[in-house]
There are 4 protein chains.
Amino acid sequence: MGRNFSSDHVAPACDAVMSAVNKANEGFVTSYGGDDLTAKLQSVTSELFERQVTVFPVTSGTAANALALSQIVPTFGAIYCYEAAHIVTDESGAPGFFTGGAQLIGFPAADGKIRPEQLTRAVAYAEDLGIHHVKPGAVTLTQATEWGTVYSLAEISAVSAVAKQYKLPVHMDGARFANALVHLGCTPAEATWKCGIDVLSLGATKNGALGAEAVVFFDPAMARDFERRRKRAGHLMSKLRFLSAQLNAYLKNDLWLDNARHANAMATKMASGFRGVSEARLLHPVNANELFVVLPEQTVSALEMQGFKFYRWPLHTGESGVTIRLVTSYATPSADVDEFIAAAAAIKPA
Amino acid sequence: MGRNFSSDHVAPACDAVMSAVNKANEGFVTSYGGDDLTAKLQSVTSELFERQVTVFPVTSGTAANALALSQIVPTFGAIYCYEAAHIVTDESGAPGFFTGGAQLIGFPAADGKIRPEQLTRAVAYAEDLGIHHVKPGAVTLTQATEWGTVYSLAEISAVSAVAKQYKLPVHMDGARFANALVHLGCTPAEATWKCGIDVLSLGATKNGALGAEAVVFFDPAMARDFERRRKRAGHLMSKLRFLSAQLNAYLKNDLWLDNARHANAMATKMASGFRGVSEARLLHPVNANELFVVLPEQTVSALEMQGFKFYRWPLHTGESGVTIRLVTSYATPSADVDEFIAAAAAIKPA
Amino acid sequence: MGRNFSSDHVAPACDAVMSAVNKANEGFVTSYGGDDLTAKLQSVTSELFERQVTVFPVTSGTAANALALSQIVPTFGAIYCYEAAHIVTDESGAPGFFTGGAQLIGFPAADGKIRPEQLTRAVAYAEDLGIHHVKPGAVTLTQATEWGTVYSLAEISAVSAVAKQYKLPVHMDGARFANALVHLGCTPAEATWKCGIDVLSLGATKNGALGAEAVVFFDPAMARDFERRRKRAGHLMSKLRFLSAQLNAYLKNDLWLDNARHANAMATKMASGFRGVSEARLLHPVNANELFVVLPEQTVSALEMQGFKFYRWPLHTGESGVTIRLVTSYATPSADVDEFIAAAAAIKPA
Amino acid sequence: MGRNFSSDHVAPACDAVMSAVNKANEGFVTSYGGDDLTAKLQSVTSELFERQVTVFPVTSGTAANALALSQIVPTFGAIYCYEAAHIVTDESGAPGFFTGGAQLIGFPAADGKIRPEQLTRAVAYAEDLGIHHVKPGAVTLTQATEWGTVYSLAEISAVSAVAKQYKLPVHMDGARFANALVHLGCTPAEATWKCGIDVLSLGATKNGALGAEAVVFFDPAMARDFERRRKRAGHLMSKLRFLSAQLNAYLKNDLWLDNARHANAMATKMASGFRGVSEARLLHPVNANELFVVLPEQTVSALEMQGFKFYRWPLHTGESGVTIRLVTSYATPSADVDEFIAAAAAIKPA
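Being a predicted model, the structure only gives us computed values, none of them experimental. (Residues numbered from 1 in each chain as written. Chains lettered and ligands numbered in written order. Predicted model: local features only at pLDDT ≥ 70, side-chain atom pairs only at ≥ 80, totals over all residues. Heavy atoms only, no water.)

1. Remarks on the overall build of chain A
Within chain A one finds 13 helices and 11 strands. Taken over C-alpha atoms, the radius of gyration comes to 21 Å for chain A, in line with the 20 Å a tight globule of 350 residues would show. Overall, the C-alpha framework of chain A stretches about 60 × 60 × 30 Å when taken along its three principal axes. Put simply, chain A has 350 residues, and 66% of those count as buried. Taking the intrachain contacts of chain A between residues at least 6 apart in sequence as the baseline, contacts between residues at least 24 apart amount to 77%. In the form shown here, chain A has an accessible surface area of approximately 11,500 Å², with 53% of it arising from carbon and sulfur atoms. Between the averaged position of the 30 positive side-chain charges in chain A and that of its 33 negative side-chain charges there is a distance of 4 Å. (Helix = DSSP H or I, 4+ residues; strand = E, 2+ residues; numbered from the N terminus. Rg over C-alpha atoms; globule rule 2.2 N^0.38 Å. Buried < 20%, exposed > 50% of the residue type's maximum accessible area, 1.4 Å probe, protein only. Contact = heavy atoms within 4.5 Å. Areas by Shrake-Rupley, 256 points an atom, 1.4 Å probe, with all protein chains shown as cover. Lys, Arg positive; Asp, Glu negative; His and termini not counted. Charge placed at Lys NZ, Arg CZ, Asp CG, Glu CD.)

What follows is the structure, given as structure tokens:
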């Protein structure tokens, strides 16, 4: 049943979110966001982020990212990002589709974090080539990153300071924003607009929702006509109350933080456990709810045979071992972690 | 509360669908459609349509239509349709966006039904202009139509026969497919591929789901790489089980037909009621769950004042009165219809 | 040889333009527009239009129109136009491609001229539907029109006044702008920005160039980043001097007006000649260099047999005859017109 | 006047091409490619490449590349290329625009040549990620490369063999194809389809034309509807005879090879000359008509002051010197090379 570390979206929705959906299923209400729950989401989110924001619920993280980017990047623009960011490798070209052909320009980064000097250099290069090159358009960073690390506030500020210098808006792919937030121990405002983020893809699905994400603009002027983009991409739900209900419940009473805290704790526990597993090597610090571990092929195969679920990570299979990714979630039982570690430790490669 | 005839998606989800969603919320399952409920949906749909189909759940009708069309029409193609089809007037340009610029070519039709000779003429025109014109790409028709009428099987066959002659695939926008089906009293197979439909947008949201539609390809070969299109448009839900659960429940035990039957019955009852309303004029036969009624401005205003919800229909406000649209749904209480008619009849325009 | 009335671009380039191209072929010059001829074109055009304009040479009319529209219409926008405008019927979907899916909304017009009340109504309709509809984006009109008629300045002003009211930019497809200008007998400024035109596709190819058109923005601010659009569409010529040379020669010493005057005179002469042709019927006033004539099938066939070149016009073949289009150009010999009329008059349908 | 090594398109057109354009300017001919010169181009090109090809003249290299790629790559596809290929850095995002968002995936390569194992690895990665990643779509290589090197036939074959294995079409950006060809000393057929190239962007502008490139499909079936793509991108010239005339002259009597031979010889001569320039370092072998030379800042500045034209190359300015690019062409006077080398040798950095 459990023992599934393949992703955080293999988990069901959490009870509070599911209850909210059931409760929303009452009576006739105005569709397309003209309902009370959606109105409430605006105020809940604004309060949470300590300023007037504009928030748009959508059903997937790919939609949130691609819509947000298409809003801030011209079709002839460059999107600066980590070279193996989710938008580059795992969204089947969504940013290109939504922007009508803007170009992803990826920076290398061992830990998934882009650095200000990379941005400086890329913009200088673009300016040197002039109209023959795509125009610097926006910067996007993933928080927590694709490697389970978390940008510090100083790291974000450093990148966004360069972006501001060139008038480039900064997007944050926050599919695992809650996990980053509990790691940082700061407020949502501090983690976003206070360090220069202009628009946030706020994830909920991986952390307890059925299927609900939100695009949050910290400057409402930047959201002009965004609702038209959402509509024409097929991402304006008619019965929008069901998305808003999920998000309201998610953000209420620190549910999102509690869920993320559990997920992170499970990952940290697992990381500790690996200290006792011979030949296991963690590739990165475990800041959030993902672990990337190099293990002997024999160990990995044996764990698969025992029914544990996880992914072998592409392009990281070397002679010295296999890289696997392990993801914990709000719903990961502590016992599952114990079992996994015990199993891994018990396998003695020849 | 009730008394809301503005659309069929102002209603909540029906109990059976909501129960299915709750029931789906169990345990860890493979995401992105690798779950049992999605597998089941494939077999349920195939059985229902009496042949092997490929079905893709999505969350909105706009997504279903635009994705389906982008799959079958080249970016330099023409999409032939009714000139005021939903895809033309109400999807904010989604077909253009998803196809990368294919052109909608609309035919006039008083009752919303395009006719074979219009298609013949349009293709002849395109062929005459050659490469200077968009290439004939596909035909799409809406069933039930935007005017609440329903194509007969013979009418569909006549259009699709011409389409086949020019090797044009035929798409059906079935946002209200169930309503059409109960009106026709035929099988789903008869209403689709047996009269030449190649791909169907199968609606459920307007008829009892929370937010679930499906694209159904009757020839799986035509669906090649469709899953990639869905993914890059942000329409591949990670926790897909929740969409599949809705659709499975919707199609089970004739729930969809029962729901549609009630909606249609309420519309028919309302149409009958209008016979007793002086100066009311129905614009079209009421075949499904929509009515378009011309009433005196004074009557319309009075009904609005009394709290009834409905839309004044654009471009149909003439000197002789105001056109309003009334939509019934699976959830419309019979009493609401009575009240509406009574109220309308009671108003005596000066 | 001659006797070719199929289009104005079957003619060769005129001597003055060809000389200019030869003359431009001297020495090493900066590419991509950094040459003197391109700089000169900016001042020539600004002087001609009596204000500071920004002008971009391109090689085709389709490019000029589609680039111009993509600059002023958002991807989720509506482009209002005549329903059989060149951009709708003869550019293979270029506006959809360049804008990423903006929607062409065509108005009927017997003479090819859209009217202000059509625009008013269309915008009202769009506003009524809100975000579900494409957003009003721009208006485009063709001058001279697709039917060889010419908008009066008052007619243009009336349309652009409505456009201004809704903050919609107005584009003019001036593939045959010179022909319209000599008909109107006014200045280029009066025919464009003084009556509300914001951006002009200025044609030269049909009127004596080898292949040169220009996009002219009357407000340079509106041209922001346009050079990037041109580049990424492959329309920034490296040896741009050859395009600029054509346009400079074209606009010098009234060459363009003289060429257009001859073309129009030939058309007028032909129109007069048709008075002596029994059963010939002109569909529209001949304001520029195109004639649309209804003739008996027998006459049309006989003329074709005799080697005259022209097009049968799509969708206008009725029982009462065949519609043909005849186009004259700067290079049409007067004798060709005489021969054509004589031949047509000599054919006696049974 | 001369002394201009900034690019090969700062040169004028060569006499034979210009004569052909003048000669083409005779009489009335069918537009849009229905002329004799365009027909002749088909046979000339087919003969040259020793098989039936389909050839489409266009006016720019960006158009040729982007149109060709959009024909062979699905909108959800990946285009594998050198990470600093012209299509990545210098076409302002044209491939993304023309394909509707296909993703460029660049491989590092010191000499600009991608290698088969890079392709193997990239496709394996894509297959591992499945529908979440862009679909492997096509491979493109530049010949001569962006660094003035030339792929050997064996190197091309090795890449295309992997491509064939995965059914990926292979495109060659041949903006400087003639320069590569004379270096290789093989036939056009050997340099293209015989080593696995499916479609070629054949450049002429940089090597003596006014503005003429061609897309050549070695399998006419692969060119299906390509003419529609060309048209809707605004790249179908109405007076196409003027493009075809250039290309016919270019390919006649080995003019293109003679022109390229001179350009290459000048580059080789210059490379030899640098042996006598202290502190000059060539970054790459000089196989075609481009040189990348590292020189002291003082030398570079002095050469600029003396009026020599060339580009400082972006991102290659290091402490140890400045990288400049020098390009020779068919029109480069031998004396200009002598002067440049003499000037460079004479400057003695402190």
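2. Overview of the environment of Tyr-80 of chain A
Turning to its location among the elements, Tyr-80 of chain A is positioned in strand β2 (residues 77–82). Dropping the residues within four chain positions of it, Tyr-80 of chain A is found in contact with Ile-105, Phe-107, Leu-119, Ala-122, Val-123, Ala-126, Pro-136, Gly-137, Ala-138, Val-139, Thr-140 and Leu-168 of chain A.

3. Considering the pairing of strand β1 (residues 54–58) of chain C
Residue and element names in this part refer to chain C. Burial analysis of β1 places 5 of its 5 residues in the buried class, which makes it a mostly covered element. Pairing between β1 and strand β7 (residues 213–217): 5 bridges, direction antiparallel. Counted as the bridge partner of Val-58 is Glu-213 from β7. (Pairing = 2+ DSSP bridges.)

4. Considerations on the interface of chain A and chain B
Listed by partner, the interface residues are 51 residues for chain A and 50 residues for chain B. In this assembly, chain A packs against chain B so that about 4,200 Å² is buried in total across both faces, 56% of it on carbon and sulfur atoms. If you look at where chain A meets chain B, you find 0 salt bridges. Applying the counting criterion to the chain A and chain B interface returns 28 residue pairs in polar contact (both at pLDDT 80 or more). Secondary-structure elements contributing two or more residues to the side of chain A that touches chain B are α1 (15–24), α3 (61–72), α5 (94–99), α9 (226–232) and α10 (241–251) of chain A. For the side of chain A that touches chain B, the class distribution of residues is 22 nonpolar, 21 polar and 8 charged. (Buried area = accessible area lost by both parts, 1.4 Å probe. Salt bridge = Lys/Arg side-chain N within 4 Å of Asp/Glu carboxyl O. Polar contact = N/O pair within 3.5 Å; in protein donor to acceptor, adjacent residues only side chain to side chain. Nonpolar A, V, L, I, M, F, W, Y, C, P; charged D, E, K, R; others polar.)

5. Details of the packing of aromatic side chains
The description of an aromatic ring pair uses the distance of the two centres, along with the angle that the planes make with each other. Residue and element names in this part refer to chain C. Across all of its chains, the model carries 66 aromatic pairs over all chains by this definition. Geometrically, the ring pair formed by Trp-147 and Phe-292 is edge-to-face, given 4.7 Å between the ring centres and 65° between the ring planes. Residue Trp-147 is located in the loop between β4 (135–142) and α7 (153–165), and its partner Phe-292 is located in strand β9 (residues 290–295); the two are separated by 145 residues in the primary sequence. The same class applies to Trp-147 and to Phe-292, which are both buried. Residues Phe-292 and Trp-313 carry aromatic rings whose centres are separated by 5.7 Å and whose planes lie at 65° to one another, so their mutual orientation is edge-to-face. Remark: Trp-313 occurs in the loop between β10 (311–312) and β11 (322–327) and Phe-292 occurs in strand β9; sequence separation between them is 21 residues. (Phe/Tyr/Trp six-rings, centres within 6.5 Å; stacked < 30°, edge-to-face > 60°.)

6. Describing the relation of the copies chain C and chain D
Two copies of a chain can be linked by a rotation about an axis combined with a shift along that same axis. Of the two same-sequence chains, chain C is brought onto chain D (RMSD 0.0 Å, axial shift 0.0 Å) by a rotation of 180°. Here the symmetry operator amounts to a two-fold rotation axis. When C-alpha positions in chain C are compared against the rotation axis, the closest is assigned to Ala-233 of chain C, at 3.6 Å. Most of the interface of chain C is mirrored in chain D, where 98% of its interface residues are also at the interface. (Least-squares fit on C-alpha atoms with pLDDT ≥ 70 in both.)

7. Concerning the packing of helix α6 (residues 116–129) of chain C against α7 of chain C
All names here are of chain C. Relative to each other, α6 and α7 sit at 20°, their axes nearing to 8 Å. Here α7 runs roughly parallel to α6, going by the angle between their axes. Between α6 and α7 the crossing geometry is right-handed. Contact residues: Pro-116, Leu-119 and Thr-120 in α6; Ala-158, Val-159, Val-162 and Ala-163 in α7. Looking at the contact of α6 with α7 residue by residue, the class counts come to 6 nonpolar, 1 polar and no charged. (Axes fitted to C-alpha atoms, helices over the stretch in contact; angles between N-to-C directions. Parallel < 35°, antiparallel > 145°, perpendicular 65-115°, else oblique. Left-handed = near helix turned anticlockwise from the far one by under 90°.)

8. Quick word on the interface of chain C and chain D
On the chain D side, the residues contacting the 51 residues of chain C number 50 residues. Buried surface at the junction of chain C and chain D, summed over both partners, amounts to about 4,200 Å²; 56% is from carbon and sulfur atoms. For chain C, the biggest contributors to the area lost against chain D are Phe-28, Phe-97 and Arg-232 of chain C; these three give 21% of the whole. Our count for the contact surface shared by chain C and chain D stands at 0 salt bridges. At the surface where chain C touches chain D, the tally comes to 28 residue pairs in polar contact (both at pLDDT 80 or more). For the side of chain C that touches chain D, the secondary structure elements donating two or more residues are α1 (15–24), α3 (61–72), α5 (94–99), α10 (226–232) and α11 (241–251) of chain C. Taken together, the residues of the side of chain C that touches chain D sort by class into 22 nonpolar, 21 polar and 8 charged.

9. Observations concerning the sheet that holds strand β6 (residues 199–203) of chain C
All names here are of chain C. Read from one edge of the open sheet, 7 strands run β1-β7-β6-β5-β4-β2-β3, paired in mixed fashion. Whereas interior strands pair on both sides, the edge strands pair on one side only; in this sheet they are β1 and β3 (103–107). Each neighbouring strand pair of the sheet contributes to a mean axis angle of 20°, computed without reference to strand direction. The strands touched by α6 within the sheet are β2 (77–82), β3 and β4, with β2 carrying the most contacts at an inclination of about 155°.

10. A few points about the nonpolar core
One broad rule of soluble globular proteins: the nonpolar side chains tend to lie buried together. Counting 197 residues, the largest nonpolar core has Tyr-80 and Leu-119 of chain A together with Tyr-80 and Leu-119 of chain B as the members making the most contacts within it. Among the nonpolar cores identified, the runner-up in size contains 196 residues, and Val-216 and Ala-249 of chain C together with Tyr-82 and Ile-114 of chain D belong to it. (Core = buried A, V, L, I, M, F, W, Y, C linked by side-chain atoms within 4.5 Å.)

11. Notes on helix α6 (residues 116–129) of chain B
The end-to-end C-alpha distance of α6 of chain B, which contains 14 residues, comes to 20 Å, matching closely the 20 Å that a straight helix rising 1.5 Å per residue would cover. Listed as buried for α6 of chain B are Gln-118, Leu-119, Ala-122, Val-123, Tyr-125, Ala-126 and Leu-129 of chain B. For α6 of chain B, the angular spread of buried residues about the axis comes to 155°, placing them on one side. Buried residues belonging to α6 of chain B abut β2 (77–82), β3 (103–107), β4 (135–142) and α7 (153–165) of chain B together with α4 (86–89) of chain C. Backbone geometry just downstream of α6 of chain B places Gly-130 of chain B in the positive-phi region, at approximately 60°. (Expected span 1.5 Å × (residues − 1). Arc of directions from axis to C-beta.)

12. Details of unusual backbone geometry
Here the amide bond leading from Gln-143 of chain B into Ala-144 of chain B is cis, since omega sits at -15°, within 30 degrees of zero. Relative to the elements of secondary structure, Ala-144 of chain B occurs in the loop between β4 and α7. Backbone geometry places Glu-279 of chain B, a non-glycine residue, at a positive phi of 70°. Looking at the element boundaries, Glu-279 of chain B is found in the loop between α11 (255–274) and β8 (281–282). We note that Glu-50 of chain C has phi near 60°; this positive angle belongs to a residue other than glycine.

13. Comments concerning the sheet that holds strand β5 (residues 170–174) of chain D
Two strands in a sheet stick together by hydrogen bonds in their backbones, pointing the same way (parallel) or opposite ways (antiparallel). Residues and elements named next belong to chain D. The mixed open sheet is built from 7 strands, whose spatial order is β1-β7-β6-β5-β4-β2-β3. Each end of this open sheet is capped by a strand with a single partner; those strands are β1 (54–58) and β3 (103–107). For this sheet the average axis-to-axis angle between neighbouring strands, irrespective of direction, equals 20°. The sheet strands contacting helix α7 (residues 153–165) are β4 (135–142) and β5, and the helix crosses β5 at an angle near 145°. Packing against the sheet, helix α10 (residues 241–251) makes contact with β1, β6 (199–203) and β7 (213–217), and its axis sits at approximately 115° to β1.

14. Focus on helix α2 (residues 36–48) of chain C
Because each turn of an α-helix spans 3.6 residues, side chains separated by three or four positions end up pointing in the same direction. All names here are of chain C. Taking 1.5 Å of rise per residue, the 13 residues of α2 would be expected to cover 18 Å, and the 18 Å separating its terminal C-alpha atoms lies within 8% of that figure. Three or more residues of α2 are buried, namely Thr-38, Leu-41, Thr-45 and Ser-46. Seen from one end, α2 has its buried residues packed into an arc of 125°, which puts them on one side. Opposite the packed face of α2, turned more than 90 degrees from it, sit the exposed residues Asp-36 and Glu-47. Against the buried residues of α2 lie β1, β7 and α11.

15. With respect to the pattern of salt bridges
Inspection of every chain in the model, using the stated rule, returns 56 salt bridges over all chains. A salt bridge links Glu-297 of chain B to Arg-312 of chain B; its shortest N-O distance comes to 2.9 Å. Placement of Glu-297 of chain B in helix α12 (residues 297–305) and of Arg-312 of chain B in strand β10 (residues 311–312) is noted, with a sequence separation of 15 residues between them. One salt bridge in this structure joins Lys-164 of chain C and Asp-198 of chain C, with 2.7 Å as the shortest N-O distance. Placement of Lys-164 of chain C in helix α7 and of Asp-198 of chain C in the loop between α9 (188–191) and β6 is noted, with a sequence separation of 34 residues between them. Take Lys-164 of chain C: its relative accessible area is 38%, and that puts it in the partly exposed class. By sharing partners, the salt bridges in this structure join Asp-8, Arg-176, Glu-290 and Arg-325 of chain A into a single network.

16. Concerning the packing of helix α2 (residues 36–48) of chain A against α10 of chain A
Residue and element names in this part refer to chain A. Between α2 and α10, the shortest axis-to-axis distance is 9 Å and the interhelical angle comes to 30°. The orientation of α2 with respect to α10, classified from their angle, is roughly parallel. When the axes of α2 and α10 are compared, the crossing they make is left-handed. Residues Leu-37, Thr-38, Lys-40, Leu-41, Val-44, Thr-45 and Leu-48 of α2 lie in contact with α10, whose contacting residues are Arg-241, Ser-244, Ala-245, Leu-247, Asn-248 and Leu-251. Here the contact of α2 with α10 is composed, by residue class, of 7 nonpolar, 4 polar and 2 charged.

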